[in-house]
Amino acid sequence: MIRKSNILDEFGNQFPAEKDRSLKANQYDVVNRWAQTDQWTYANNRSGNANDDRLTREKIVAASRFEFANNSYCRGILLKMAQEAIGTGCRLEIMPKSPSPRANKAAKQLEDIWQEWADEVCFVEKLQMGVVEEIVGGEIFHQFRQNRALKTVPVDFMSYEGIQFQSNQIQKAFSLYRSTPIVDGLKLDEQGNVVAFYKLRKNPGEDGYIGIDDTVTIPADIMVHMFRQDRPTQYRGVGQLAPCIDMFAKLRRFTEATIETAENAASILGTIETAFQPDVCTPGSDSPVNIPFGSGNLMTLPDGWKYNAYKPEQPTTGYGDYKSEILHEIISCLLMPWNVASADSSDFNFASGQLDHRIFHRYILFIRKRQEERFINRFFRFWLEIATFVPGVIPSGLGAFDHKWYWPGKEPIDPGKMANAAKTLKEVGLLNETKYWQEQGISAKDAIDQQIRLEAYKEVRRKEIAEEMGIKLKSEVQDNAEPSQGEPDDEKVTQAKS
């Protein structure tokens with residue numbers, strides 16, 4: 001019997017019941033299957049902020065942190081992602097708008113000061129931590145601050161987990177009377193822009209937290225909120241491992257179950273079988289005798305009994321295939337190639353390896369671009385504002401300038417083929433040298449300067465070594481052997497006079 005609904009549409013027609021929608025002809029298979037299975041029981045049309053509420057985010061983050069702490073595959077994949085994206089960090093290049101020898105020298109001094117500051121605050125390590133935290137925790141907050149303990153420029157940033165940014169009860173009640181969306185931990189203006197953040201003074205996960213909503217308001221101009229936005233009106237980040245957390249758990253449980261089965265099988269030496277009834281075989285003179293053998297014993301059996309060695313069946317031949325399939329599902333949402341995630345390139349050749357890395361390489365470039373646009377450039381401007389008031393940091397004569405970041409270049413799999421390809425492109429005039437050197441993690445200007453300095457240094461060292469050894473260079477010998485121009489030959493002058 002079909003259950004009918006009492007809900008009417010705008011024309012007065014009666015809607016079919018929720019379970020009866022599959023009876024209607026529809027060209028979308030997903031709609032037809034909706035009422036046939038419970039696969040989409042929890043599917044909904046809630047907004048991104050409503051769907052990603054605090055409880056949901058905290059559960060996903062807790063599960064992700066657990067897998068990151070206990071699953072070697074999970075930790076290895078995320079650390080590889082951070083190494084690929086950040087590597088040894090980005091290098092700053094200052095480009096004066098009015099180039100001159102003095103301005104170029106000042107630009108080099110400012111680059112050195114920035115690098116010295118970056119080494120002091122472990123800037124590269126913090127960037128790598130941020131990449132991992134954004135994947136595991138879904139978001140990370142960076143707060144700019146002054147730090148007078150530093151020896152270079154007294155400014156750095158402090159990173160916080162997403163759980164520490166929450167709204168208290170008063171802030172939530174005030175948000176109910178605003179036309180903007182209610183977002184936990186964020187204060188929005190009428191246009192939906194974030195103007196401030198509400199941060200708890202203490203992380204709720206720390207020991208001693210008693211649950212008091214003691215928050216401080218931090219203006220948005222000294223805060224950077226890094227998260228991946230998947231929906232148009234999304235303001236908080238969700239752990240990027242949400243689609244594959246259960247896969248990591250299955251992978252770990254399958255490994256543990258296989259090992260436990262193998263250990264149980266290894267503890268059983270064998271079985272005993274007999275052609276007689278057990279009560280017929282009396283020990284008598286044929287009672288069992290234990291014979292020491294290695295770390296165990298061999299046993300003599302009564303008449304009619306036979307010993308069969310136990311054959312363990314774990315791990316099976318499909319053990320590796322199952323784990324490979326699970327890992328393939330996991331890395332699909334991280335856009336990571338198989339040989340990077342598994343650290344196994346035995347089934348790859350040069351062409352297939354390059355093809356699989358193309359999308360991953362673009363994703364790495366995207367991560368670096370996001371770091372520049374949303375965090376590094378903003379922090380560098382804040383760093384310059386503070387550095388202006390520190391004597392000796394901003395060199396004189398620099399003037400107005402632009403800046404650019406250079407990331408570590410991708411190491412070639414076959415340097416010979418890469419060099420030959422670049423040489424061929426250069427010979428036919430198709431090589432963009434500026435772009436080529438940028439891909440190597442260095443500017444074209446620095447590359448040319450290094451080549452010129454190297455050739456000049458080689459020439460100077462040749463002359464110094466020749467003087468130390470008391471020999472003459474080939475070029476000097478040729479200069480002494482050739483007669484000077486304009487000096488007449490004596491024999492030719494005599495013939496001319498006669």
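None of the values given here were measured: they were computed from a predicted structure.

Q: Explanation requested: the overall build of the protein in the structure shown.
A: Of the regular secondary structure elements, the protein holds 16 helices and 14 strands. The buried share among the 498 residues of the protein stands at 33%. Intrachain contacts of the protein at a sequence separation of at least 6 include 66% that bridge at least 24 residues. Of the roughly 32,700 Å² of accessible surface on the protein, 54% is carried by carbon and sulfur atoms.

Q: Can you help me understand the pairing of strand 4 (residues 139–146) in this one?
A: Taken residue by residue, a regular strand's side chains alternate between the two faces of the sheet. Within strand 4, 6 of the 8 residues are buried, leaving the element largely enclosed by the surrounding structure. The sheet contact formed by strand 4 and strand 9 (residues 223–227) spans 5 bridges and is antiparallel. Note on strand 9: the bridge partner recorded for Gln143 is Met223. For strand 4 and strand 5 (residues 155–161), the ladder comprises 7 bridges, and the chain directions are antiparallel. Its bridge partner lying in strand 5, Arg145 is registered against Asp156.

Q: Explain a nonpolar patch on the surface to me, please; I cannot follow it from the model alone.
A: Residues Ile465, Met469 and Ile471 make up a contiguous nonpolar surface patch of about 290 Å² in total accessible area. Position of Ile465 among the secondary structure elements: in helix 14 (residues 444–469).

Q: Just to check I follow, could you spell out the sheet that holds strand 7 (residues 194–200) for this structure?
A: Hydrogen bonding along the main chain pairs the strands of a sheet, whether they run parallel or antiparallel. Pairing within the open sheet is antiparallel, and its 3 strands lie in the order 6-7-8. On the outer flanks of this sheet lie strand 6 (186–188) and strand 8 (215–219), each paired with one strand and no other. Each strand of the sheet is rotated relative to its neighbour by a mean of 25 degrees, with strand direction disregarded. The pairing of strand 7 with strand 8 spans 5 bridges and is classified as antiparallel. The partner of Ala196 across the bridge, within strand 8, is Pro219.

Q: Would you take a moment to explain the environment of His361 for this structure?
A: Turning to its location among the elements, His361 is positioned in helix 11 (residues 350–387). Judged by relative accessible area, which is 32%, His361 ranks as partly exposed.

Q: How do you make sense of the pairing of strand 7 when you look at a structure like this?
A: Most of strand 7 is tucked away: 5 of the 7 residues are buried. Here strand 6 pairs with strand 7 via 3 bridges, running antiparallel. Bridge assignment links Leu188 to a residue of strand 7, and that residue is Val194.

Q: Even after reading the chapter, I still don't get the packing of aromatic side chains, so can you show me in this structure?
A: We describe a pair of aromatic rings using the distance from one ring centre to the other and the angle between the two ring planes. All told, the structure shown has 25 aromatic pairs when counted by the stated rule. Ring centres of Trp114 and Phe123 lie 5.7 Å apart, and the angle between their planes is 75 degrees; on these two criteria the pair is classed as edge-to-face. Just as Trp114 is buried, Phe123 falls in that class too. With a centroid separation of 6.4 Å and 20 degrees between ring planes, the pair formed by Tyr363 and Phe366 is classed as stacked. You can see Tyr363 and its partner Phe366 sitting in helix 11, 3 residues apart, about one turn around the helix. Put simply, the rings of Trp114, Trp117, Phe123, Phe144, Phe157, Phe375, Phe379, Phe380, Phe382, Trp383 and Trp405 pair up and form one aromatic cluster. Over the aromatic face of Phe68 sits the side chain of Arg75, whose NZ or CZ is 4.3 Å from the ring centroid. In this structure, Lys404 packs its charged tip against the face of Tyr406, placed 5.8 Å from the ring centre.

Q: I would appreciate a short explanation of the packing of helix 3 (residues 54–70) against helix 6 (residues 123–136) in the present structure.
A: Relative orientation and spacing of two packed helices are given, respectively, by the angle between their axes and the distance between those axes. Where helix 3 contacts helix 6, the two axes come as close as 9 Å, and the packing angle between them is 125 degrees. When the interaxial angle is binned, helix 3 and helix 6 end up oblique. Contacts between helix 3 and helix 6 involve Val61, Ser64, Arg65 and Phe68 on the former and, on the latter, Val132, Glu133 and Val136. Its residues assigned to classes, the contact of helix 3 with helix 6 comprises 4 nonpolar, 1 polar and 2 charged.

Q: I tried to follow the side chain of Arg57 on my own but got confused; where do I start?
A: Relative to the helices and strands, Arg57 resides in helix 3. Once residues within four sequence positions are removed from consideration, Arg57 is found in contact with Asp52, Glu139, Asp184, Arg236, Gly237 and Val238.

Q: Just checking my understanding: could you explain the confidence of the model for the protein for this structure?
A: A low pLDDT means the predicted coordinates there should not be read in detail. Here the protein shows a mean pLDDT of 78. Residues at 70 or above account for 68%. With pLDDT under 50 throughout, residues 1–23 is counted as low confidence; its partners more than four residues away or in other chains account for 27 contacts.

Q: Would you mind showing me how to read helix 3 here?
A: Structurally, the α-helix is built with 3.6 residues per turn, so residues lying three or four positions apart point the same way. Between its terminal C-alpha atoms helix 3 stretches 24 Å, which fits the 24 Å expected from 17 residues at 1.5 Å a residue. Of the residues making up helix 3, those classed as buried are Arg57, Ile60, Val61, Ser64, Glu67 and Phe68. Burial along helix 3 is one-sided: seen end-on, the buried residues are contained in an arc of 130 degrees. More than 90 degrees from the buried face of helix 3, the exposed residues found are Leu55, Lys59 and Ala69. Residues of helix 3 that are buried in the fold lie against helix 4 (72–85), helix 6, strand 4 and helix 8 (245–266).

Q: Help me understand the nonpolar core in this model?
A: One broad trend across soluble globular proteins is that nonpolar side chains are buried collectively. In this structure, Met81, Trp117, Phe123, Leu241, Phe375, Phe379 and Trp383 are the most contacted members of the largest nonpolar core, which totals 67 residues. For this core, the element with the highest residue contribution is helix 11, accounting for 13 residues. Once you skip the residues sitting within four places of it in the chain, Phe379 turns out to touch Trp114, Trp117, Phe144, Val155, Asp156 and Phe157. Core analysis: the next-biggest nonpolar cluster, separate from the first, contains 11 residues, Phe141, Phe165, Phe197 and Tyr235 among them.

Reading guide: rules and limits
- Residues numbered from 1 in each chain as written.
- Predicted model: local features only at pLDDT ≥ 70, side-chain atom pairs only at ≥ 80, totals over all residues.
- Heavy atoms only, no water.
- Helix = DSSP H or I, 4+ residues; strand = E, 2+ residues; numbered from the N terminus.
- Buried < 20%, exposed > 50% of the residue type's maximum accessible area, 1.4 Å probe, protein only.
- Contact = heavy atoms within 4.5 Å.
- Areas by Shrake-Rupley, 256 points an atom, 1.4 Å probe, with all protein chains shown as cover.
- Pairing = 2+ DSSP bridges.
- Patch = residues over 30% accessible without salt bridge, like charges linked within 9 Å, V, L, I, M, F, W, Y side chains within 5 Å.
- Salt bridge = Lys/Arg side-chain N within 4 Å of Asp/Glu carboxyl O.
- Axes fitted to C-alpha atoms, helices over the stretch in contact; angles between N-to-C directions.
- Phe/Tyr/Trp six-rings, centres within 6.5 Å; stacked < 30°, edge-to-face > 60°.
- Lys NZ or Arg CZ within 6 Å of the ring centre and 35° of its normal.
- Parallel < 35°, antiparallel > 145°, perpendicular 65-115°, else oblique.
- Nonpolar A, V, L, I, M, F, W, Y, C, P; charged D, E, K, R; others polar.
- pLDDT = per-residue confidence, 0-100.
- Expected span 1.5 Å × (residues − 1).
- Arc of directions from axis to C-beta.
- Core = buried A, V, L, I, M, F, W, Y, C linked by side-chain atoms within 4.5 Å.

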